[in-house]
Amino acid sequence: MMGSKQVAQGALFYEFTIEDHVPADHLLRGIDRFVDLGDMRHHLAPFYSTTGRPSIDPELMIRMLIVGYAFGIRSERRLCEEVHLNLAYRWFCRLDLADPVPDHSTFSKNRHGRFRESNLFRHLFEAVLERCIAQGLVGGESFGADASLIKADASRYTKADFSEWSAEDGASRATQEYLDTLDDAAFGAATPVKPKAISPTDPAARFTGANGDRPFFAYSTNYLVDLDNAIIVDVEATVPIRQAEVGAVRDMLTRTRERFDLHPDTLAADTAYGTAEMLGWLVDEQNIEPHIPVFDKSERKDGAYPATVFAYDEAVDEYHCPGGHALKPYWRDISKGRPEFGKDGFKKYFARKQDCAACALKPRCTPNQTTRKISRSRHEHARQKAREIATTDAYVASGYARKKVEMLFAHLKRILGLDRLRLRGPNGAKDEFHIAATVQNLRKLAKLRPSPA
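Scoring rules and cut-offs
- Residues numbered from 1 in each chain as written.
- Predicted model: local features only at pLDDT ≥ 70, side-chain atom pairs only at ≥ 80, totals over all residues.
- Heavy atoms only, no water.
- Axes fitted to C-alpha atoms, helices over the stretch in contact; angles between N-to-C directions.
- Helix = DSSP H or I, 4+ residues; strand = E, 2+ residues; numbered from the N terminus.
- Parallel < 35°, antiparallel > 145°, perpendicular 65-115°, else oblique.
- Contact = heavy atoms within 4.5 Å.
- Nonpolar A, V, L, I, M, F, W, Y, C, P; charged D, E, K, R; others polar.
- Buried < 20%, exposed > 50% of the residue type's maximum accessible area, 1.4 Å probe, protein only.
- Expected span 1.5 Å × (residues − 1).
- Salt bridge = Lys/Arg side-chain N within 4 Å of Asp/Glu carboxyl O.

1. Considerations on the packing of helix α8 (residues 173-180) against helix α16 (residues 425-448)
Okay, so step 1: Axis separation between α8 and α16 bottoms out at 6 Å; the angle between their running directions is 95 degrees. With respect to each other, α8 and α16 are oriented roughly perpendicular. Along the contact surface, α8 presents Ala174, Glu177 and Tyr178, while α16 presents Gly425, Pro426, Asn427 and Gly428.
Okay, so step 2: In terms of residue class, the contact of α8 with α16 is built from three nonpolar, three polar and one charged.

Rendered as structure tokens:
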């Protein structure tokens, strides 16, 4: 027979603990073992008043943000609702059933105020990285670097011409941050070329079509990753410009060495990081093997011999062409001293006119010019070392290992849901990138160092 719901008098007392209702294999249990926010209160103390009404506990807000980024809850309003309803979220945030959840507006006030002024999210990222190092997940021998585009919170349909745009009186927070970073190498000073279009809501974002799709306003998140276990050892926000991204890798390598004494033997990256200056800095100043393709434009469009087939003789400082003729910087004595390299950092080598005219290989060597000339970078020795490394098995292995960095970006966008920023301005991008990288490292800790049975 069909049963019916039994309506009974409600119990006067309940024995209920949230701890008993959170599964042992829940992700937050694994993350909670490595979240130690004890020093956050000391770090934030100078940014709180000593008098007045007590504020919301900063540890509660940080734990709620970790939940939001760990489970792809991008809206702060929805995050408060989820924490209110989900027992596992309440357990992680140290909230009992009767404890109220903070209002969503509290996050905005603290994010744009004391959290940003204290550089809290940078401090949180480094604290989690220290746990990764203590757990033996960071080898420190082989690093990988790359950048990925993240859409800014700015519509492509409201762009303005840069030549006609000017900051108004009482500018917004994002506009003021843009003005403050005009001399920053990661943003305004990354390139002297001015953008054609600018976003009035987020002027620091750059209009780019690098993804091959419709252009959009974006920032770049730059990762420096230890390739042993794909632990993010540093993260930086820049505009999506190659010069800014290369400079960010240099800054991250320097900072990681100063703060954590991590100095890799090799660095794996793509061709964008294979410029002469970058390779020279890695080889000469950092003693790091560049497992990076050389950024080389020596290939000729007319089918002529590229510069790589010309042999360089270091003893006499001259090149030799496939026909056996020499190319020198000067073919006569120069009485007045001249700089060895030009302003572009290259040294020119020229063949003699009579040698090229009588050479049978001239149609394949210099078909459209009277003589052939070769440019040599001041960092050519580093470029040559990178070419030699590219022929080794270790380089092939680094190429496969570097895919771990790309997988982190895929995880960032598809699992954490950070394919578009919610905060505007350079500081908003920095905050979001730091929290996301922190959560990725926490998830990695929970996976590779599970709790005992």
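Next comes the rest of the description.
2. Some details on helix α13 (residues 380-389)
Okay, so step 1: Along α13, the positions that sit buried rather than exposed are Glu380, Ala382, Arg383, Ala386 and Ile389.
Okay, so step 2: On its buried face, α13 sits against α10 (276-285), β8 (289-291), β13 (373-377) and α14 (393-401).

3. Description of α16
Okay, so step 1: Between its first and last C-alpha, α16 extends 35 Å over 24 residues, near the 34 Å set by a 1.5 Å rise per residue.
Okay, so step 2: Of all 24 residues making up α16, 18 are buried, and the element is well covered by its neighbours.

4. Some points on the pattern of salt bridges
Okay, so step 1: Per the counting criterion, the structure on display carries 19 salt bridges.
Okay, so step 2: With a shortest N-O distance of 3.0 Å, arginine 74 and glutamate 432 are connected by a salt bridge. Taken together, the positions of arginine 74 in the loop between α3 (58-70) and α4 (76-85) and glutamate 432 in helix α16 put the pair 358 residues apart, joining distant regions of the chain.
Okay, so step 3: The structure contains a network of salt bridges with shared partners spanning Arg122, Glu126, Asp234, Glu236, Arg255 and Arg259.

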